[in-house]
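The residues making up each chain are set out below.
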Amino acid sequence: QVQLVESGGGLVQAGGSLRLSCATSRSIFSINVMGWYRQAPGKQRELVATITSGGNTNYRDSVKGRFTISRDNAKNTVYLQMNSLKPEDTAVYYCNAKTFGSLGEIIVNSWGQGTQVTVSS
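Calculation notes
- Residues numbered from 1 in each chain as written.
- Predicted model: local features only at pLDDT ≥ 70, side-chain atom pairs only at ≥ 80, totals over all residues.
- Heavy atoms only, no water.
- Phe/Tyr/Trp six-rings, centres within 6.5 Å; stacked < 30°, edge-to-face > 60°.
- Helix = DSSP H or I, 4+ residues; strand = E, 2+ residues; numbered from the N terminus.
- Buried < 20%, exposed > 50% of the residue type's maximum accessible area, 1.4 Å probe, protein only.
- Lys NZ or Arg CZ within 6 Å of the ring centre and 35° of its normal.
- Disulfide = S-S within 2.5 Å.
- Core = buried A, V, L, I, M, F, W, Y, C linked by side-chain atoms within 4.5 Å.
- Salt bridge = Lys/Arg side-chain N within 4 Å of Asp/Glu carboxyl O.
- Pairing = 2+ DSSP bridges.
- Contact = heavy atoms within 4.5 Å.

Q: Tell me about the packing of aromatic side chains, and please be specific about residues and values.
A: Across all of its chains, the model carries one aromatic pair by this definition. Their ring planes at 65° and their centres at 4.9 Å tell us that Tyr37 and Trp111 sit as a pair that is edge-to-face. One end of the pair, Tyr37, is in strand β4 (residues 33-39); the other, Trp111, is in strand β10 (residues 106-111), and 74 residues separate them in sequence. For Tyr37, a relative accessible area of 16% corresponds to the buried category. We note Arg45 situated over the ring of Trp111; from NZ or CZ to the ring centre the distance is 4.6 Å.

This is the structure we're talking about:
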């Protein structure tokens, strides 16, 4: 498994920005997909953004153009830059790491402890 430690959450007004960080316990080169998920009260956890070991990114439609996922290989850290935040972005944000076997089976599926993001209107 991989240990993940998130940081960077907080309270911000609508239209503001935050940057979340996720530090991993091992080289992110060995992790196939790093992702950010979020869970609002009373709702299911949902995918926000992913980045592969090759640098390919994917975003949910509601954050496209506002959020950017990136990685710093030297620091083994993944970031989520969140701009133009909206009250509906309020949630606990979780970092996730997945590795896959040769047959596509999940070998590692690790989660961080989560960091709270609150956007006030």
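From this point, things continue past the structure.
Q: Give a description of the state of the cysteines that names residues and reports values.
A: In a disulfide, the sulfur atoms of two cysteines are covalently bonded to one another. Within this structure, the stated rule accounts for one disulfide. Between the sulfur atoms of Cys22 and its disulfide partner Cys95 the distance amounts to 2.0 Å. On the S-S bond that ties Cys22 to Cys95, the torsion sits near -80°, and the link is left-handed. Of the two residues, Cys22 is situated in strand β3 (residues 18-24) and Cys95 in strand β9 (residues 91-100); the sequence distance between them amounts to 73 residues. Of the two residues, Cys22 and Cys95, neither departs from the other in class, the shared state being buried.

Q: Which residues make up the nonpolar core, and what values go with them?
A: Ranked by internal contacts, the top residues of the largest apolar core, which has 28 residues, are Met34, Trp36, Leu80, Met82 and Tyr93. Of all the secondary structure elements, the ones that give two or more residues to this core are β3, β4, β5 (46-52), β7 (67-72), β8 (77-82), β9 and β11 (115-120). The greatest single-element share of this core, amounting to four residues, is contributed by β9.

Q: Talk me through the pattern of salt bridges; I want residue IDs and the actual numbers.
A: On inspection of all chains with the given rule, the structure shows five salt bridges. Residue Lys64 pairs with Asp61 through a salt bridge whose shortest N-O separation is 3.0 Å. With a relative accessible area of 64%, Asp61 lands in the exposed category. Here the salt bridges do not stand alone but share partners, grouping Arg38, Glu46, Arg60, Arg66 and Asp89 into one network.

Q: Residues and numbers for the pairing of β10, please.
A: Here five bridges tie β9 to β10, and the two strands are oriented antiparallel to one another. In the sheet register, Ala97 faces β10, and the bridge partner there is Ser110. Hairpin connection, β9 to β10: the antiparallel pair is bridged by five residues, and Gly104 has positive phi, about 85°.

Q: Can you explain the environment of Gly9? Please cite residues and give values.
A: Locating Gly9 in the fold gives a position in the loop between β1 (4-7) and β2 (10-13). The class for Gly9 is partly exposed, based on a relative accessible area of 31%. Residues Gly9 and Glu46 lie 37 residues apart in sequence; the distance between their C-alpha atoms is 17 Å. With residues up to four places along the chain from it excluded, the contact list for Gly9 reads Leu20, Thr115, Gln116 and Val117.

Honestly, that's just the spatial picture; any functional story needs more than this.
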